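The chain contents come next:
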Amino acid sequence: QVQLVESGGGLVQPGGSLRLSCVASGSIFSIGSMGWYRQAPGKQRELVASISRSGRTNHLDSVKDRFTISRDNAKNTVSLQMNSLKPEDTAVYYCNAERVLTGDYTTNDYWGQGTQVTVSS
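## Brief notes about the overall build of the chain
Reasoning step 1: Secondary structure summary: the chain contains zero helices and 12 strands in total.
Reasoning step 2: The N-to-C order of helical and strand elements in the chain reads β-β-β-β-β-β-β-β-β-β-β-β.
Reasoning step 3: On C-alpha atoms alone, the chain measures out to a radius of gyration of 14 Å, which is about the 14 Å that the 2.2 N^0.38 rule sets for 121 residues.
Reasoning step 4: Looking at the 121 residues of the chain, the share that counts as buried comes to 42%.
Reasoning step 5: Long-range contacts, defined as pairs at least 24 residues apart, comprise 56% of the intrachain contacts of the chain with a sequence gap of at least 6.
Reasoning step 6: Roughly 6,500 Å² of accessible area belongs to the chain as shown, and the carbon and sulfur atoms make up 45% of that amount.
Reasoning step 7: A gap of 3 Å separates the mean positions of the 12 positive and 10 negative side-chain charges of the chain.

## As for the environment of Ala-49
Reasoning step 1: The topology assignment puts Ala-49 in strand S6 (residues 46–51).
Reasoning step 2: Exposure remark for Ala-49: the relative accessible area of 0% places this residue in the buried category.
Reasoning step 3: Separated by 61 residues in sequence, Ala-49 and Tyr-110 have C-alpha atoms that sit 16 Å apart.
Reasoning step 4: Apart from the residues within four sequence positions on either side, Ala-49 is in contact with Met-34, Gly-35, Trp-36, Asn-58, His-59, Ile-69 and Leu-80.

Cut-offs used in this document
- Residues numbered from 1 in each chain as written.
- Predicted model: local features only at pLDDT ≥ 70, side-chain atom pairs only at ≥ 80, totals over all residues.
- Heavy atoms only, no water.
- Helix = DSSP H or I, 4+ residues; strand = E, 2+ residues; numbered from the N terminus.
- Rg over C-alpha atoms; globule rule 2.2 N^0.38 Å.
- Buried < 20%, exposed > 50% of the residue type's maximum accessible area, 1.4 Å probe, protein only.
- Contact = heavy atoms within 4.5 Å.
- Areas by Shrake-Rupley, 256 points an atom, 1.4 Å probe, with all protein chains shown as cover.
- Lys, Arg positive; Asp, Glu negative; His and termini not counted.
- Charge placed at Lys NZ, Arg CZ, Asp CG, Glu CD.

Bear in mind that shape data such as this cannot, by itself, settle questions of function.
Structural data, given as C-alpha coordinates:
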(Lines give C-alpha, C1' and ligand atoms only; values in the text may rest on other atoms or scores of the structure.)
Protein backbone atom coordinates (compact mmCIF):
# COMPACT_ATOMS: atom_id res chain seq x y z
CA GLN A 1 0.00 0.00 0.00
CA VAL A 2 1.37 3.38 -1.03
CA GLN A 3 0.54 6.54 0.86
CA LEU A 4 1.30 10.13 -0.05
CA VAL A 5 1.37 12.52 2.89
CA GLU A 6 1.54 16.28 2.34
CA SER A 7 2.63 18.94 4.80
CA GLY A 8 3.39 22.64 4.85
CA GLY A 9 0.07 24.28 4.05
CA GLY A 10 -1.40 27.10 6.07
CA LEU A 11 -2.41 30.75 6.16
CA VAL A 12 -0.04 33.34 4.73
CA GLN A 13 -0.30 37.00 3.82
CA PRO A 14 -0.08 38.14 0.18
CA GLY A 15 3.55 38.29 -0.88
CA GLY A 16 4.54 35.61 1.60
CA SER A 17 6.05 32.16 1.07
CA LEU A 18 5.20 28.58 1.89
CA ARG A 19 6.91 25.30 1.17
CA LEU A 20 4.81 22.20 0.57
CA SER A 21 6.32 18.76 0.99
CA CYS A 22 5.04 15.31 0.12
CA VAL A 23 6.53 11.96 1.03
CA ALA A 24 5.51 8.69 -0.59
CA SER A 25 5.75 5.62 1.63
CA GLY A 26 5.23 1.91 1.09
CA SER A 27 6.88 -0.83 -0.88
CA ILE A 28 8.05 1.43 -3.70
CA PHE A 29 10.59 0.47 -6.33
CA SER A 30 10.33 3.61 -8.42
CA ILE A 31 8.12 6.60 -9.18
CA GLY A 32 7.61 8.19 -12.57
CA SER A 33 6.39 11.76 -12.67
CA MET A 34 5.45 13.60 -9.47
CA GLY A 35 3.41 16.75 -9.28
CA TRP A 36 1.28 19.23 -7.40
CA TYR A 37 -2.32 20.00 -8.31
CA ARG A 38 -4.69 22.48 -6.73
CA GLN A 39 -8.42 22.93 -6.51
CA ALA A 40 -10.11 26.15 -5.47
CA PRO A 41 -13.79 26.22 -4.41
CA GLY A 42 -16.06 25.96 -7.44
CA LYS A 43 -13.17 25.31 -9.81
CA GLN A 44 -11.68 22.26 -11.47
CA ARG A 45 -8.49 20.71 -10.21
CA GLU A 46 -5.49 22.03 -12.16
CA LEU A 47 -1.89 20.99 -12.52
CA VAL A 48 0.40 23.49 -10.82
CA ALA A 49 3.75 21.86 -11.48
CA SER A 50 5.21 18.49 -12.36
CA ILE A 51 8.67 16.96 -12.40
CA SER A 52 9.86 13.86 -14.20
CA ARG A 53 12.13 11.27 -12.65
CA SER A 54 15.03 12.80 -14.55
CA GLY A 55 14.22 16.25 -13.19
CA ARG A 56 12.47 17.88 -16.12
CA THR A 57 9.91 20.36 -14.79
CA ASN A 58 6.72 21.94 -16.00
CA HIS A 59 4.98 24.87 -14.29
CA LEU A 60 1.58 26.47 -14.79
CA ASP A 61 2.05 29.81 -16.54
CA SER A 62 0.47 31.76 -13.68
CA VAL A 63 3.00 30.41 -11.16
CA LYS A 64 6.17 30.54 -13.25
CA ASP A 65 8.89 32.64 -11.59
CA ARG A 66 7.06 32.25 -8.25
CA PHE A 67 6.79 28.50 -7.62
CA THR A 68 9.53 25.89 -7.94
CA ILE A 69 9.04 22.13 -7.84
CA SER A 70 11.79 19.73 -6.79
CA ARG A 71 12.13 16.07 -5.84
CA ASP A 72 14.43 13.64 -4.11
CA ASN A 73 14.24 10.24 -5.78
CA ALA A 74 16.14 8.50 -3.00
CA LYS A 75 13.66 9.71 -0.39
CA ASN A 76 10.53 9.56 -2.61
CA THR A 77 9.69 13.16 -1.84
CA VAL A 78 8.48 16.10 -3.87
CA SER A 79 8.38 19.72 -2.73
CA LEU A 80 6.85 22.95 -3.97
CA GLN A 81 8.44 26.23 -2.95
CA MET A 82 5.86 28.97 -3.31
CA ASN A 83 6.98 32.60 -3.21
CA SER A 84 5.16 35.88 -3.79
CA LEU A 85 1.86 34.22 -3.00
CA LYS A 86 -1.35 35.84 -4.20
CA PRO A 87 -4.94 35.48 -2.98
CA GLU A 88 -5.75 33.62 -6.20
CA ASP A 89 -3.31 30.89 -5.13
CA THR A 90 -5.74 29.94 -2.36
CA ALA A 91 -6.76 26.31 -2.84
CA VAL A 92 -6.36 22.79 -1.59
CA TYR A 93 -3.06 21.48 -2.93
CA TYR A 94 -2.72 17.79 -3.77
CA CYS A 95 0.41 15.74 -4.28
CA ASN A 96 0.38 13.22 -7.13
CA ALA A 97 2.68 10.34 -8.04
CA GLU A 98 2.37 8.60 -11.39
CA ARG A 99 3.53 5.17 -12.52
CA VAL A 100 4.51 4.03 -9.05
CA LEU A 101 6.10 0.59 -9.29
CA THR A 102 5.57 -1.35 -6.09
CA GLY A 103 6.82 -4.58 -4.59
CA ASP A 104 4.04 -6.64 -6.15
CA TYR A 105 5.26 -5.50 -9.58
CA THR A 106 2.17 -3.43 -10.33
CA THR A 107 2.11 0.19 -11.46
CA ASN A 108 -0.48 2.70 -10.27
CA ASP A 109 -1.05 6.41 -9.73
CA TYR A 110 -1.59 7.83 -6.24
CA TRP A 111 -2.88 11.02 -4.63
CA GLY A 112 -2.33 12.67 -1.29
CA GLN A 113 -5.16 13.82 0.94
CA GLY A 114 -4.60 17.50 0.21
CA THR A 115 -3.34 20.46 2.23
CA GLN A 116 -5.05 23.84 2.46
CA VAL A 117 -3.20 26.96 1.36
CA THR A 118 -4.92 30.25 2.16
CA VAL A 119 -3.47 33.58 1.05
CA SER A 120 -5.20 36.44 2.80
CA SER A 121 -4.46 39.60 4.74
